[in-house]
Structures are given as structure tokens and as C-alpha cells.
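# Per-entry structural report
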Amino acid sequence: MKVLAIMGSPKGKGNGYKVVRRIEENMKQTGDVEFEYLFLKEANLGLCKGCFVCVPKGERLCPLKDDREKIEQKILDSDGVILSSPGYVFNVSWLMKNFIDRFAYSNHRLRFFNQKVLLVANSGGAGLEETLKSMRNALGGAKIVYELAVPTPPWPVTPGMEQKNEKKIGEASKKLHDAMLVKTLSPPKLNDYMRFKFLKTISSEVKEYLPADYEFYKDKEYYYDTKISLYNKVMSSILFRIAMTFMKDMGPNKEAMKKENK
Ligand SMILES: Cc1cc2nc3c(=O)[nH]c(=O)nc-3n(C[C@H](O)[C@H](O)[C@H](O)COP(=O)(O)O)c2cc1C
């Protein structure tokens, strides 16, 4: 089984690296696991220009010619992904934020269903929850199996803190390892199916504005081959109608659309 550790510290091998190395040691003791590190500080991944081409028109049209596609393939070839970032002012590092932005399109066209994700945040002690939260939507479709928060202050930690950290690191390692053993994809829960239906419906209503989403969703029953329960079908139709009533002003102005398309 393969783990790709995506490292967001501008230092490269800093405190976060020490934590992820501990996870690697634990996981290698438990089973046959291969680790690869992707240090974002060294990766050929340009800075998002904010052109917003990847989401509506497709990631292939991104003006940045770099390793984004290769990195996506590396992720798809992995069973587990670790996203590691230090906490900077209650957020991820700029390197991790840029990584998240460069993969923004995967939140529209979800794809990382076979990947199990472990989030790792480390900081002097403050802002760990916020740092983890910022990474939750990084990889569309991936299942987050554990969120590990490790205080790494600039002073030597007490034996009590060290013990606490080790315990959490052990738990995180086991969770990721066990999750990676599960190879089957479960039928979607109601909220996952609702999200699918929402994106499919919206992209068909505004296909001129979201052509990449339209192409992606138009022939799909779900993201992967699975059975959608009758309960999910019925409940999602009811809830969808209610949600659309409340969100009607979020939708397109059909009159303006007609004029634009004349
Ligand atoms: C720009 C900057 C902002 C930081 N903000 C915070 C913070 O909000 N809270 C905190 O506890 N530590 C903060 N730190 C400390 C780092 O999170 C801490 O040193 C961490 O261990 C660095 O991890 P690394 O060695 O993996 O890069 C900040 C450090 C930097 C450089």
C-alpha cells in the first residue's frame, strides 16, 4: 500500500516532518506500506493566478504549465494521502493554501474516492483546529479518516505532552492504515448523493457557464458504480426541491442569460 505525504512547511523538514516520520515508522511496523514525500517547497507547482478557468472550463486549460497533472496522478496512484501543514496565524501555510487552490476543481468534479486522507496540523499550540479545517476540502471525494493536531512549541515539551502527542500519532497511524485496507466503495450517504445531484442539476441548468461540470456530470448516475437506495432517491428529490426554493436567488437570472446568449 502506498502513502503520499504532501508536506506544506516552507521549511521542508521541520517539526511537521518529524511528526509525519513518526507516522511512517508506526505504519511500516504494522504492515507493508510504502511512503513517498512531496515537499511543496520543492514541487514544480506554480502559484494560482486566480483566472478561474480550471473550475468552469476545465483544469486542462489552466495557463500554468507545471506538474499539477503529475501530482494529481501521484495522488490517484496512492492508497493514502497525508496533508501536513504548520499552523500560520490560525491557517495553513501559503504553500498548502496554494496546493488547495490549484486543486479547487476537484471540489466540483470529485475524483479522489479511492484515497484515504489523514490531515496533520502542527503549530506552537494555537490555531490547530483552524489549520485542520482549512485542509478538509483539499481533495474532492477523498475520505478523511483522522485529523491529527500536534502542538510543536519552540521549547522542549513536557513528558506529559510528549506522551499525549505519541498517543495521538499512534491512533492516526492506525486509522490510516486500517482505512487503506478497505478497497470497496460504499453506496453514498444522503448528503453525498445530494451534493452529486446538486452539482449535476446546476451544471445542466447553466451549462454555458460551467461547461466542464456539464460534460463531467451529464451521463453519470453517481461518481462511481454503485447502487443508489430508494430512500436516497426519494429523500434527495424532496430535500432538493425545498433547498432550491430557499436558494432561488443563487441561481441564474434567466432573462439576463437569454440576452447574453442572443
Ligand atoms: C508566519 C508564522 C506564523 C505562525 N503562526 C502561528 C500561530 O498562529 N499559532 C502558533 O501556535 N504557532 C504559529 N507559528 C509557529 C509554527 O506553527 C511552529 O513553529 C511550527 O512548529 C512550524 O512547523 P514546521 O517546523 O513544520 O514548519 C507561526 C510561525 C510562522 C513562521
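These numbers come from a predicted model, not from an experiment.

### Quick notes on the packing of aromatic side chains
Going through the model one piece at a time under the given rule, you end up with 19 aromatic pairs. Relative to Tyr222, the ring of Tyr193 lies with its centre 6.3 Å away and its plane at 45 degrees, an arrangement referred to as tilted. Of this pair, Tyr193 sits in helix H7 (residues 190-205) while Tyr222 sits in the loop between helix H8 (211-217) and helix H9 (230-246); the two residues are 29 residues apart in sequence, bridging distant segments of the chain. You can call Tyr222 buried: its relative accessible area is 7%. Judged by centre distance (6.3 Å) and plane angle (70 degrees), the ring pair of Phe198 and Phe240 falls under edge-to-face. With Phe198 in helix H7 and Phe240 in helix H9, this residue pair connects regions lying 42 residues apart in the sequence. Look at Phe240 and you get buried, because its relative accessible area is 11%. Here the aromatic cluster, defined as three or more aromatic residues joined through ring pairs, consists of Phe113, Tyr193, Phe196, Phe216, Tyr217, Tyr222, Tyr223 and Tyr224. Lys197 extends its terminal NZ or CZ atom over the ring of Phe240, reaching a point 6.0 Å from the ring centre. A cation sits over an aromatic face here: Lys207 above Tyr214, 5.1 Å from the ring centre.

### Focus on the nonpolar core
Ranked by internal contacts, the top residues of the largest apolar core, which has 29 residues, are Ile6, Ile75, Leu83, Met96, Phe99, Met135 and Leu139. Here this core takes four residues from helix H4 (residues 94-102), the largest share from any one element. Residues in contact with Ile75, not counting those within four places in the same chain, are Leu4, Ile6, Val81, Phe99, Phe103, Phe112, Gln115 and Leu139. The next biggest cluster of nonpolar side chains, apart from the first, holds 24 residues, and it includes Val33, Phe39, Val150 and Ala172.

### With respect to the site of the ligand
With respect to spatial proximity, 16 residues lie near the ligand, and among them Ser9, Asn15, Gly16, Gly87 and Thr152 are the closest. Between Gly16 and the ligand, the recorded distance is 2.8 Å, taken from a backbone N or O atom to an oxygen atom. Isolated, the ligand exposes 640 Å² of accessible area, and the fraction of that covered by the protein chains is 70%. Residue assignment for the shell around the ligand shows that the elements contributing at least two residues are helix H1 (15-30) and strand E4 (116-123). Here the shell around the ligand is built from residues that sort into five nonpolar, ten polar and one charged.

### Examining the domain arrangement of the protein chain
Domain assignment breaks the protein chain into domain 1 (2-181) and domain 2 (190-261). Computed from C-alpha atoms alone, the centre-to-centre distance between domain 1 and domain 2 is 30 Å. With nine residues of domain 1 in contact, the opposing surface of domain 2 contributes eleven residues. Both faces considered, domain 1 and domain 2 share a buried interface measuring about 880 Å² in area, 63% of it formed by carbon and sulfur atoms. Of all residues in domain 1, His108, Arg109 and Leu110 give up the largest surface area on contact with domain 2, accounting jointly for 51% of the area buried on that side. Taken together, the connections running from domain 1 to domain 2 amount to one salt bridge. Here Asp213 makes a salt bridge to Arg109, at a shortest N to O gap of 2.6 Å. If you look at where domain 1 meets domain 2, you find five residue pairs in polar contact (both at pLDDT 80 or more). Classifying every residue of the side of domain 1 that touches domain 2 by side-chain character gives four nonpolar, three polar and two charged.

Rules used in this analysis
- Residues numbered from 1 in each chain as written.
- Predicted model: local features only at pLDDT ≥ 70, side-chain atom pairs only at ≥ 80, totals over all residues.
- Heavy atoms only, no water.
- Phe/Tyr/Trp six-rings, centres within 6.5 Å; stacked < 30°, edge-to-face > 60°.
- Helix = DSSP H or I, 4+ residues; strand = E, 2+ residues; numbered from the N terminus.
- Buried < 20%, exposed > 50% of the residue type's maximum accessible area, 1.4 Å probe, protein only.
- Lys NZ or Arg CZ within 6 Å of the ring centre and 35° of its normal.
- Core = buried A, V, L, I, M, F, W, Y, C linked by side-chain atoms within 4.5 Å.
- Contact = heavy atoms within 4.5 Å.
- Near = heavy atom within 4 Å.
- Polar contact = N/O pair within 3.5 Å; in protein donor to acceptor, adjacent residues only side chain to side chain.
- Areas by Shrake-Rupley, 256 points an atom, 1.4 Å probe, with all protein chains shown as cover.
- Nonpolar A, V, L, I, M, F, W, Y, C, P; charged D, E, K, R; others polar.
- Domains from an automatic or database assignment.
- Buried area = accessible area lost by both parts, 1.4 Å probe.
- Salt bridge = Lys/Arg side-chain N within 4 Å of Asp/Glu carboxyl O.

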